[in-house]
Amino acid sequence: MPSLSLRESPYFAVLLVLCAEVSMTSSASLAKSMFAMLPPEGVTALRLSCSALLLCAAFRPWRTGLPRGAWRSTALYGLSLGAMNLLFYLAIGRVPLGVAVGIEIMGPLTVAALTSRRPVDFCWIGLALAGLSLLLPLRQCGGALDPLGVCFAVGAGTCWALYIVFGKKAGGAGGPVSVCVGMLAGAALVLPIGVHASGAALFRPLHLGYGLALGLISSALPYVLEMAALSRLPARTFGTLMSLSPGLAALSGFLFLGERLDMWQWMGLACIVAASMGASASGRGA
């Protein structure tokens, strides 16, 4: 039986997902700090627009184009990506980052549950959900969560689920070109909203510089890595791996913001890591 090359290995796809998540979660503090300069709609517009420009400069999608049958799935992928980012930034403007990520991640976990066919997959999903229940800092919020912020997070999770479904189709058909075209579609959706909310402040050089940095570490790099992983992993495995996001966000908060986890939250983080490792192992034959 021929051995798999590194690029064909499911463990390589898992590594791509982990790198994408580290890059994305570490950018959260930068994004939230920009809310003092621009509203969430403006920050989202800068993030997606700068990401689209970076991706197009790197991959030059006009040279190869998309296969004829890939346009629909790529457009849907891009629109779900744009809506997901906008709703998530609106959410973290109203509720704590950890809570928003925890609510949002119910989207990919739902994909994992709906596409599962083996009992062991439900075990990993259940372990991840148990970990999330321990990790999320709901005790610190005293139940006083902003209802609109919660709704935004739920909407972001729904769009994240759609992003996984359409991204898998688009990535298999068009590869990196799909990422470029999808990011352009997402930017086209959000940019008018950002201009309306921010006005001329959106185009100040300082804000554009922040947007370029944010676009690189929170969108361009992670989405390229995720698109490469989506074509190598089942949707249920990818969705369960996304359960690392709250744990990585908590670690990022500890490292960059001085936020500390209590014993129960560390136990929750351990459960999520164990679930992700189990999902990657059970996905070898999928």
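The model shown is predicted, which means the values in this text are computed figures rather than measured ones.

1. Comments concerning empty space enclosed by the protein
Where empty space is left in the structure can be found by rolling a water-sized probe over the atoms.
Part 1 of the reasoning: Applying the stated rule across the entire model yields two cavities of 30 Å³ or more.
Part 2 of the reasoning: The volume enclosed by the largest cavity comes to roughly 290 Å³.
Part 3 of the reasoning: Met24, Arg47, Phe88, Val101 and Glu104 are the residues nearest the centre of the largest cavity, which is lined by 22 residues in total.
Part 4 of the reasoning: For the lining of the largest cavity, the secondary structure elements donating two or more residues are helix H1 (10–26), helix H2 (28–33), helix H4 (71–92), helix H5 (97–104), helix H9 (147–174), helix H11 (205–230) and helix H13 (244–257).
Part 5 of the reasoning: Grouping the amino acids of the lining of the largest cavity by side-chain chemistry returns 14 nonpolar, four polar and four charged.

2. Considering helix H10 (residues 176–198)
Part 1 of the reasoning: In this model H10 runs 31 Å from its N-terminal to its C-terminal C-alpha over 23 residues, within 8% of the 33 Å that 1.5 Å per residue would give.
Part 2 of the reasoning: Of all the bends found along H10, the most pronounced is centred on Val190 and spans about 35°, while Pro192, a proline, follows it within four residues.
Part 3 of the reasoning: Among the residues trailing H10, Gly199 stands out with phi positive, at a value near 70°.

3. Some details on the side chain of Ser23
Part 1 of the reasoning: Mapped onto the elements, Ser23 comes out in helix H1.
Part 2 of the reasoning: Overall, Ser23 belongs to the buried group, its relative accessible area being 10%.
Part 3 of the reasoning: Reaching out from Ser23, the side chain makes a polar contact with the backbone oxygen of Ile217 at a distance of 2.3 Å.
Part 4 of the reasoning: Each residue touching Ser23, except ones within four places of it in the same chain, is listed here: Ile217, Ser218, Leu221 and Pro222.

4. Examining the pattern of salt bridges
When their charged atoms lie close together, side chains carrying opposite charge are able to pair.
Part 1 of the reasoning: The full count for this structure, using the stated rule, is one salt bridge.
Part 2 of the reasoning: Its salt-bridge partner being Arg94, residue Asp146 comes within 3.3 Å of it at the nearest N-O pair. Taken together, the positions of Asp146 in the loop between helix H8 (138–141) and H9 and Arg94 in the loop between H4 and H5 put the pair 52 residues apart, joining distant regions of the chain.

Analysis parameters
Residues numbered from 1 in each chain as written. Predicted model: local features only at pLDDT ≥ 70, side-chain atom pairs only at ≥ 80, totals over all residues. Heavy atoms only, no water. 1 Å grid on protein atoms, 1.4 Å probe; cavity = no way out; pocket = protein on both sides within 12 Å on 5 of 7 lines; lining within 4 Å. Points joined across faces, edges and corners; volume = space filled by probe spheres on them. Helix = DSSP H or I, 4+ residues; strand = E, 2+ residues; numbered from the N terminus. Nonpolar A, V, L, I, M, F, W, Y, C, P; charged D, E, K, R; others polar. Expected span 1.5 Å × (residues − 1). Bend = angle between axes of the 7 residues up to and from the residue. Buried < 20%, exposed > 50% of the residue type's maximum accessible area, 1.4 Å probe, protein only. Polar contact = N/O pair within 3.5 Å; in protein donor to acceptor, adjacent residues only side chain to side chain. Contact = heavy atoms within 4.5 Å. Salt bridge = Lys/Arg side-chain N within 4 Å of Asp/Glu carboxyl O.

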